[in-house]
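# Reading the structure
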Amino acid sequence: MAINIGYFMSESIQSFRRNWVMSLGAVITIYLSLLLVGASLASSMIVGQVVRSVEEKVSIRVFLKDGAAPADVDAMNKALVADARVKDVTYTSKEKALEEFKLTMADSPEIIDQLEVNPLPASLDVDLEKPQDVTAVVEMIKANPNFIKVADRPDDPEKSLKYGQQIVNQLFAFTRVLRAVGVVFIVMLAVISLIFINNTIRIAIYARRKEIGIMRLVGASNWFIRTPFLLEGTLQSLLGAFLALLTLGSIQWFVMPKVKEIISFMPVSLSVGSSVQISLILVLSGVIIGLAGSAVALRRYLKV
Amino acid sequence: MISMRNVSKTYGADKPALYDVNVEIEQGEFVFLVGHSGSGKSTFIRLMQRELLPSEGTIVVAGQDLTKMKNWKVPYLRRNIGCVFQDFKLLPNKTTYENVAFALEVIGRSKHVIRTQVPEVLRLVGLEEKINSYPDELSGGEQQRVSIARAFVNRPPLLLADEPTGNLDPATSLGIMSLFSRINKTGTTVLVATHDREMVDSMRKRVIALENGRVIRDQDRGVYGYGD
Ligand SMILES: Nc1ncnc2c1ncn2[C@@H]1O[C@H](COP(=O)(O)OP(=O)(O)OP(=O)(O)O)[C@@H](O)[C@H]1O
Ligand SMILES: [Mg+2]
């Protein structure tokens, strides 16, 4: 077996050199396809993280007017807690709201020191089971008769509520488009890669038709005859996958830190786990494209 | 060794290339297959190699029924059949030694086996001086010896030759034939398809004559025949 591996490798490399224009074409198309696969995987993972971080912030705040009757607040609270879509309701007093505000303004404490009265309203903070329910729960709150009684701005109830449905919707729409475009491109490039590999293997078979004839004559097994070609296709696409990984790796190392500096408020970095996952997917797709492309060519052009 | 029963072979819808052929060849025999061009000699040889399947009848080679043989087993059958052709079928970018060694490499023989068997068979065919020559540096007769060495290096029990002397002059052909004779003496069954009249007449071996796909004569110690 040890002889065989050496033999197969040298056959594949020889064939690559003999037919390097086509082989390079195959490597480049696979490189581009896998680069795109990797880039769209990475970006959809990053967008997913951003969506999740935004979703976590999707809660509804009901601002309460100063001096709202505790009984009314309690009734509102009970109505919210009773709703199945609501996970949790917390009461933030005026004092707590000011403290939180102070934390966010820690850089310029003088602003807070100038305050004579606490201008911040108390609030009921509503956490939801699912972020998609935001609009429905908002409607439910508005319909509750207690809401007007406790609302900070009874004249304009909308201003007494704060929630972030719009961003989430936009992000969801964006990821959907991204995925669709990504899938179309990837399928297209995968098909082009398959055609390229198919072609290089066809030429490789043609270049070696005399050897193949003799191998068949002296009784080389079918797998022995096929393996160099399968290996050749697989090596080409692994080379493409390797180059794609190299490119994505350099982007991750050299470009992403700069991006992170610019948009520091969003979690745009990839975890080690995600990077490993993407690398595995790329290598595996490379192997599959290579094997499939050469297998199709062998079926069509090599009668054993 | 070889047993053909009621074998017919028709390509497409034409008249059959072989028709109702019945032939028995014993282990260790030397047999000439003669006939005019188009009489079906090559078709006969290709049926033996299971390059082709018969349209009708059964063929048993080395105890195996070729008509029932699974495709994946065919390579293992071919390891027991050496083949020699008119056009030598040597690889131009390989030396004599490499061409012969190739036949063993591709059936997975070890380096040790290759290093001992290749020089031995090259000595047998009288080419020990030319082991590092490329095919284009060899005469036709020498090239044919390389191809016989390659066919015989794995010591197959059956050797098939289709017009092995078709491209060679009479003196060289005689040398090739005596080589087949020597190989036959080691116990290998040899089947040679030819229309080389002098050769057949001088060797006085068994002769099977084909005409229009039919066996018209099967004669021990025979001659080429045909009155033309
Ligand atoms: N692949 C093929 N397809 C169709 N017809 C074929 C094929 N091979 C051979 N034939 C026909 O079968 C018949 C026998 O051919 P075959 O090659 O066996 O003859 P042969 O005796 O070897 O002739 P030669 O001495 O010229 O080599 C011929 O009529 C030929 O035209
Ligand atoms: Mg012929």
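Before going further, it helps to examine the overall build of chain A. When helices and strands are counted, chain A shows 11 helices and four strands. Relative to the 2.2 N^0.38 estimate, which gives 19 Å for 304 residues, the radius of gyration of chain A is 31 Å and therefore markedly larger than a compact globule would have. Projected onto its principal axes, the C-alpha coordinates of chain A cover approximately 100 × 40 × 30 Å. Every one of the 304 residues in chain A was classed for burial, and the buried ones make up 40%. On chain A, the mean spot of the 31 positive side-chain charges and the mean spot of the 27 negative ones are 22 Å from each other.

Along chain B, the regular secondary structure elements total seven helices and 10 strands. Over its C-alpha atoms chain B spans a radius of gyration of 17 Å, differing by no more than 12% from the 17 Å that the globule rule assigns to 228 residues. Once the C-alpha set of chain B is aligned to its principal axes, its extents read approximately 45 × 40 × 30 Å. Across the 228 residues of chain B, 52% fall into the buried class. Of the roughly 10100 Å² of accessible surface on chain B, 46% is carried by carbon and sulfur atoms.

Moving on, we get to the domain arrangement of chain A. What the domain assignment reports for chain A is domain 1 (2–54 + 168–301) and domain 2 (58–163). Domain 1 of chain A and domain 2 of chain A are separated by 52 Å when their C-alpha centres are compared.

Attention now moves to unusual backbone geometry. Residue and element names in this part refer to chain B. A positive phi is found at F88, a non-glycine position, where the angle reads about 65°. Here F88 falls in the buried class, since its relative accessible area comes to 11%. Positive phi, close to 50°, is recorded for R204, a residue that is not glycine. Following the sequence through the fold, R204 ends up in the loop between α7 (197–203) and β9 (206–211). When its relative accessible area of 38% is taken as the criterion, R204 is described as partly exposed.

Turning to the interface of chain B and chain A, a few remarks are in order. Listed per partner, the contact involves 24 residues of chain B and 14 residues of chain A. Around 1600 Å² of area is buried between chain B and chain A when both sides are counted, 63% of it from carbon and sulfur atoms. Its largest share of buried area at the contact with chain A, chain B owes to R78, F102 and V106 of chain B, together 30% of the area lost on that side. Two residues, R216 of chain A and E51 of chain B, come together in a salt bridge whose shortest N-O distance is 3.1 Å.

This part takes up the site of ligand 1. Residue and element names in this part refer to chain B. Residues in contact with ligand 1, as listed here, are Y11, A17, H36, S37, G38, S39, G40, K41, S42, T43, E163 and H195. In this structure, S37 approaches ligand 1 through a side-chain N or O atom, which is 2.5 Å from an oxygen atom. Computed on the free molecule, ligand 1 has an accessible area of 630 Å², of which 59% lies beneath the protein chains in the complex. Tallied by class, the residues present in the shell around ligand 1 amount to two nonpolar, eight polar and two charged.

Moving on, we come to the nonpolar core. Where a protein is soluble and globular, its nonpolar side chains tend to be buried together. Membership of the largest hydrophobic core comes to 82 residues, with the highest contact counts inside it found for F32, V106 and F180 of chain B. Tallying contributions element by element places helix α2 (residues 20–57) of chain A first for this core, with 12 residues. Beyond its immediate stretch of four places on either side in the chain, F32 of chain B contacts M177, V192, T194, V200, M203, K205, R206, V207 and I208 of chain B. The next biggest cluster of nonpolar side chains, apart from the first, holds 31 residues, and it includes L18, V23, F44 and V74 of chain B.

To continue, consider the confidence of the model for chain B. All names here are of chain B. In this model, chain B carries an average pLDDT of 93, and 99% of its residues clear a pLDDT of 70 or more. α7 is the least confidently modelled element of chain B, averaging 88 in pLDDT, while strand β7 (residues 158–162) averages 97, the highest of any element. Scoring of the predicted complex yields 0.72 for pTM and 0.89 for ipTM.

Mapping N222 of chain A onto the fold places it in helix α10 (residues 222–262). The sequence separation of N222 of chain A and L302 of chain A amounts to 80 residues, and the corresponding C-alpha distance is 10.0 Å.

Analysis parameters
Residues numbered from 1 in each chain as written. Chains lettered and ligands numbered in written order. Predicted model: local features only at pLDDT ≥ 70, side-chain atom pairs only at ≥ 80, totals over all residues. Heavy atoms only, no water. Helix = DSSP H or I, 4+ residues; strand = E, 2+ residues; numbered from the N terminus. Rg over C-alpha atoms; globule rule 2.2 N^0.38 Å. Buried < 20%, exposed > 50% of the residue type's maximum accessible area, 1.4 Å probe, protein only. Lys, Arg positive; Asp, Glu negative; His and termini not counted. Charge placed at Lys NZ, Arg CZ, Asp CG, Glu CD. Areas by Shrake-Rupley, 256 points an atom, 1.4 Å probe, with all protein chains shown as cover. Domains from an automatic or database assignment. Contact = heavy atoms within 4.5 Å. Buried area = accessible area lost by both parts, 1.4 Å probe. Salt bridge = Lys/Arg side-chain N within 4 Å of Asp/Glu carboxyl O. Near = heavy atom within 4 Å. Polar contact = N/O pair within 3.5 Å; in protein donor to acceptor, adjacent residues only side chain to side chain. Nonpolar A, V, L, I, M, F, W, Y, C, P; charged D, E, K, R; others polar. Core = buried A, V, L, I, M, F, W, Y, C linked by side-chain atoms within 4.5 Å. pLDDT = per-residue confidence, 0-100.

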